[in-house]
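The chain contents come next:
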Amino acid sequence: QVQLLESGGGLVQAGGSLRLSCAASGRTFSSTTMGWFRQAPGKEREFVASINWDGSSTYYADSVKGRFTISRDNGKNTIYLQMNSLKPEDTAVYYCAGRGLYEFVYWGQGTQVTVSS
């Protein structure tokens, strides 16, 4: 079991940066693939990025590739999402997630990111 708590969201101007953090509890964190998802108003939740258990493999949605970076610190039970060159279309609630055997099954409560134009 993994419990997740996001932080770091806020209001930023277009072109700015934010770093999201996700603190995890649970003894299986260091062996769990983790990810970030987001949901904009009126839209379905979408995949943003994922990172495997030791950080050696990462994946990104095309819409954020080159601007966002996912990372993890297993010693601190925390994953991060560094977001640069933010655009208004990045506005959404961002969720941290932990993967089970076949899909992401652990979810945080979300943190709001608002990018003004």
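The rules behind the values
Residues numbered from 1 in each chain as written. Predicted model: local features only at pLDDT ≥ 70, side-chain atom pairs only at ≥ 80, totals over all residues. Heavy atoms only, no water. Helix = DSSP H or I, 4+ residues; strand = E, 2+ residues; numbered from the N terminus. Rg over C-alpha atoms; globule rule 2.2 N^0.38 Å. Buried < 20%, exposed > 50% of the residue type's maximum accessible area, 1.4 Å probe, protein only. Pairing = 2+ DSSP bridges. Axes fitted to C-alpha atoms, helices over the stretch in contact; angles between N-to-C directions. Salt bridge = Lys/Arg side-chain N within 4 Å of Asp/Glu carboxyl O.

## With respect to the overall build of the chain
From N to C terminus, the chain includes zero helices and 11 strands. Ordered by position in the sequence, the α and β elements of the chain form the string β-β-β-β-β-β-β-β-β-β-β. Computed over the C-alpha atoms, the radius of gyration of the chain is 13 Å, within 12% of the 13 Å expected from 2.2 N^0.38 for a compact globule of 117 residues. Judged by the C-alpha coordinates and their principal axes, the chain covers about 40 × 25 × 25 Å.

## A short note on the side chain of Arg67
As for its position among the elements, Arg67 is in the loop between β6 (58-60) and β7 (68-73). Arg67 gets classed as buried once you look at its relative accessible area, which sits at 11%.

## Observations regarding the pairing of β7
Covered by surrounding structure in β7 are Phe68, Ile70 and Arg72 only, the residues Thr69, Ser71 and Asp73 on the alternate face being uncovered. Sheet topology places β7 next to strand β8 (residues 78-83); six bridges connect them, and they run antiparallel. Bridge pairing in β8 places Phe68 opposite Met83. The turn linking β7 back onto β8 is made up of four residues, and Asn77 within it adopts a positive phi angle of 50°.

## Points about the sheet that holds β8
Spatial ordering of the open sheet is given by β1-β3-β8-β7, a layout of four strands whose pairing is antiparallel. Of all the strands in the sheet, just β1 (3-7) and β7 have a single pairing partner and so form its edges. In this sheet, adjacent strand axes meet at a mean angle of 15° when their direction is disregarded. One ladder, built from five bridges, connects β1 with strand β3 (residues 18-25); its direction is antiparallel. Within the sheet, the bridge partner assigned to Ser7 lies in β3 and is Ser21.

## Some points on the pattern of salt bridges
Throughout the structure, instances matching the rule amount to four salt bridges. Salt-bridge contacts for Arg38 lead to Asp90; the nearest nitrogen and oxygen are separated by 2.9 Å. A residue pair is termed long-range when its members are at least 10 positions apart, and Arg38 in strand β4 (residues 34-39) and Asp90 in the loop between β8 and β9 (92-99) qualify at 52 residues. Assigned by exposure class, Arg38 and Asp90 land together as buried. Here Arg67 ties to Asp90 by a salt bridge, and the two come within 2.7 Å at their closest N and O atoms. With a gap of 23 residues between them, Arg67 in the loop between β6 and β7 and Asp90 in the loop between β8 and β9 connect regions that are remote in the sequence. Linked through salt bridges whose partners overlap, the residues forming this network are Arg38, Glu46, Arg67 and Asp90.

## Points about unusual backbone geometry
Phi at Asn77 is positive, roughly 50°, even though this residue is not glycine. By relative accessible area, Asn77 is classed as partly exposed at 24%. One non-glycine residue, Ser85, lies in positive phi territory at about 50°. Tracing the backbone shows Ser85 in the loop between β8 and β9.

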